[in-house]
There are 2 protein chains.
Amino acid sequence: MTSIEEVARQAGVSPSTVSRVARNQTNVSTVTRERVQRVITELKYIPNAVARGLKQARSGLIALLITDITSPFFTAVARGAEDAAREAGLSLLLGNSEEDSDLEAKYLRVIGERRVDGVILVPTNQAPNSLVRSLPPEIPIVLLDRSLPGFKADVVRCDTRTGTFVLGQHLLGLGHRRIAIVGGMPNIPTWPERVAGYQAALRESGVAAPPEFVIPGDYNRDGGTEAVRVLLAQGERPDAIIAANAQVALGVLDELVAAGCRVPEDVGVATIDDPFPPSAFVPRLTLVEQPGYGMGEAAVQLLVARLEPAGRAEPPREVVFEATLRIGTSCGETTIGHDDVMR
Amino acid sequence: MTSIEEVARQAGVSPSTVSRVARNQTNVSTVTRERVQRVITELKYIPNAVARGLKQARSGLIALLITDITSPFFTAVARGAEDAAREAGLSLLLGNSEEDSDLEAKYLRVIGERRVDGVILVPTNQAPNSLVRSLPPEIPIVLLDRSLPGFKADVVRCDTRTGTFVLGQHLLGLGHRRIAIVGGMPNIPTWPERVAGYQAALRESGVAAPPEFVIPGDYNRDGGTEAVRVLLAQGERPDAIIAANAQVALGVLDELVAAGCRVPEDVGVATIDDPFPPSAFVPRLTLVEQPGYGMGEAAVQLLVARLEPAGRAEPPREVVFEATLRIGTSCGETTIGHDDVMR
DNA sequence: GTGAAAGCGCTAACAA
DNA sequence: TTGTTAGCGCTTTCAC
């Protein structure tokens with residue numbers, strides 16, 4: 001692999017001069033610059049960022065660790081983060097923890113050893129310990145989607161409590177009375193938050209929210225199928241189901257269909273997430289949309305602020321985005337098209 | 001940031017000894033090991049992989065550059081590659097070029113400067129030049145999904161020519177006769193390949209494949225809407241449309257619905273890709289499925305073989321996967337459920 | 001405008 | 001079993 005020394009030798013200059021040319025610094029005479037440039041091209045010299053990183057103690061690299069790469073929400077987050085990172089002159093290292101704490105720890109370890117300039121993390125659970133153990137304390141962290149009680153860090157999240165509350169009102173307005181909410185992981189704050197919004201909506205209308213209609217599970221497809229199995233095995237069947245996220249909603253739909261239930265005629269289904277793209281499909285999913293792209297951007301911006309010497313010591317900031325109800329047809333809505341943003 | 005020297009000083013040993021302990025080497029006495037280990041934990045020492053990488057001239061890092069992170073196919077590829085990389089003790093750096101050559105070049109540049117051990121690339125176009133200019137020649141490349149004529153490298157791809165051929169036969173069997181194919185980029189080999197399969201199927205049945213039914217476009221949602229607009233503006237409306245990938249299919253569906261066409265009653269729609277997850281939605285999309293996960297795994301395996309000194313000089317290998325027809329209901333199929341793999 | 005020299009943090013070869 | 005030394009490829013003073 002061509003090194004800076006080799007270029008220097010070939011061009012008859014010192015490594016410093018090559019370095020100056022390679023980084024487009026001004027204090028080089030035109031004639032030298034051209035000569036060096038020619039040798040660089042000739043030898044296909046590509047600067048070694050590993051060596052540079054060692055010297056400069058910064059990498060120009062940030063990491064984003066998400067928990068589910070197949071989720072439209074986290075995909076949107078990744079796109080937003082990527083664009084913002086590029087804007088800021090940083091590269092983005094993406095990792096996928098699959099909602100697995102061990103895997104998360106491994107990624108954090110690798111990320112930390114590589115001395116990235118910062119980390120955007122969707123934490124898998126409530127144990128900041130592993131986090132602290134895997135990452136050098138100097139590396140700034142921005143938490144995304146989920147805060148970590150007792151852990152001081154910037155947070156970007158979405159107020160899905162209110163979102164779920166509004167969704168609950170919507171379902172009640174459609175006449176649903178036996179509403180279930182399913183599929184979130186109890187040790188991830190977004191689940192109790194959504195349950196709280198759901199309960200508040202029902203309470204406000206004096207509708208019962210029996211505990212057997214609140215079914216936790218994994219934040220994935222199986223979590224949805226499992227929950228529906230439990231629901232259908234119980235005495236009273238719900239007339240609407242809120243899935244904790246898009247993956248869960250798919251599992252819910254799978255299992256309802258398998259059980260011969262029609263959606264929305266027999267059971268309405270709604271979810272909380274960024275929308276899956278399908279549009280012309282019937283029914284269109286009613287959902288509470290989280291602005292993933294914007295959240296990814298915001299996380300990078302918080303991180304960039306932390307990278308400045310001035311931002312180092314600032315107190316942690318929290319950026320909270322609003323969720324938006326997108327009305328589809330999956331809960332028996334008849335007023336199709338009055339909010340057609342799902343396309 | 002705690003360095004190895006600092007640990008050594010505190011523990012009263014040499015840096016080498018710390019290094020040995022940190023890497024779990026055997027030739028350290030138990031008592032020393034314990035003492036050093038204690039200091040490591042105390043000082044939260046995390047080895048600097050940048051320095052190690054500089055010394056060892058290998059990073060344990062490979063990069064995967066995909067063109068569309070919202071595509072279910074590439075998402076599956078990423079998951080497969082990630083699992084295989086972890087299996088092989090490598091970390092995966094993920095990048096998203098958005099089908100943009102400039103962005104691709106930038107990523108390759110960053111990746112190359114970081115001296116990753118290898119690159120898995122979904123090339124955006126047919127210009128290997130930029131590729132060669134952005135990446136040190138020593139870094140092995142595996143091309144994924146698309147080969148690059150005239151560029152010698154391992155390739156993992158899927159035979160979508162045959163897949164599209166079989167899909168064509170399926171559509172003909174359903175009685176469709178005015179079949180269009182839309183939305184692929186002419187300078188990406190997967191498009192002509194799919195068109196060829198389509199044409200072969202029609203030819204075999206003596207059905208015309210008029211050029212105005214072959215409409216290229218961008219490999220994204222807009223490509224689909226655009227194509228449908230063109231199709232509908234033309235004289236004769238197709239009775240079935242093959243979308244070049246899942247994103248395009250969504251655009252096609254969008255625009256058909258907007259134009260008041262029912263799917264599948266007025267126009268059938270099929271696509272080529274990994275499946276989007278939605279299942280209970282009606283219609284379910286008929287599609288030719290590419291095994292993204294397996295392809296990602298295979299790409300990493302090829303790369304790993306190249307990393308061995310023995311594999312360096314081996315001639316390029318090509319791994320071709322088969323595509324599978326998954327029958328849904330979006331083309332007017334009545335035999336629902338005889339191939340229900342789309343769930 | 002250019003070069004010499006030191007050093008970032010680590011590991012590998014060698015010596016003790 | 002442990003330590004010493006050199007050097008990976010670069011940037012950064014500091015001279016000239």
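Notes on the structure in this doc start here. Just so we're clear, the structure is a prediction, and the values are computed from it rather than from any experiment.

**Describing the side chain of A:Q247**
All names here are of chain A. Residue placement: Q247 occurs in helix 11 (residues 246–258). What makes Q247 buried here is its relative accessible area of 8%. A polar contact is formed between the side chain of Q247 and the backbone oxygen of T70, at a distance of 2.9 Å.

**Looking at the relation of the copies chain A and chain B**
Overlay of chain A on chain B (RMSD 0.1 Å): rotation 180°, translation along the axis 0.0 Å. Taken together, the rotation and translation describe the operation of a two-fold axis. Most of the interface of chain A is mirrored in chain B: 100% of its interface residues are interface residues there too.

**Observations regarding unusual backbone geometry**
Peptide bonds are trans in most cases, and residues, glycine excluded, mostly fall at negative phi. The omega torsion of the bond from A:V263 to A:P264 falls at 10°, within 30 degrees of zero and hence cis. With respect to the helices and strands, the residue A:P264 is situated in the loop between helix 11 and strand 9 (268–272). Positioned with a positive phi, A:K44 is a non-glycine residue whose angle comes to about 50°. By the element assignment, A:K44 lies in the loop between helix 3 (30–42) and helix 4 (49–56). Even without being glycine, B:E98 reaches a positive phi, approximately 55°. You can see B:E98 is positioned in the loop between strand 2 (91–96) and helix 6 (101–113). Among the residues examined, B:E98 registers a relative accessible area of 33% and is labelled partly exposed.

Conventions we followed
Residues numbered from 1 in each chain as written. Chains lettered and ligands numbered in written order. Predicted model: local features only at pLDDT ≥ 70, side-chain atom pairs only at ≥ 80, totals over all residues. Heavy atoms only, no water. Helix = DSSP H or I, 4+ residues; strand = E, 2+ residues; numbered from the N terminus. Buried < 20%, exposed > 50% of the residue type's maximum accessible area, 1.4 Å probe, protein only. Polar contact = N/O pair within 3.5 Å; in protein donor to acceptor, adjacent residues only side chain to side chain. Least-squares fit on C-alpha atoms with pLDDT ≥ 70 in both. Contact = heavy atoms within 4.5 Å.

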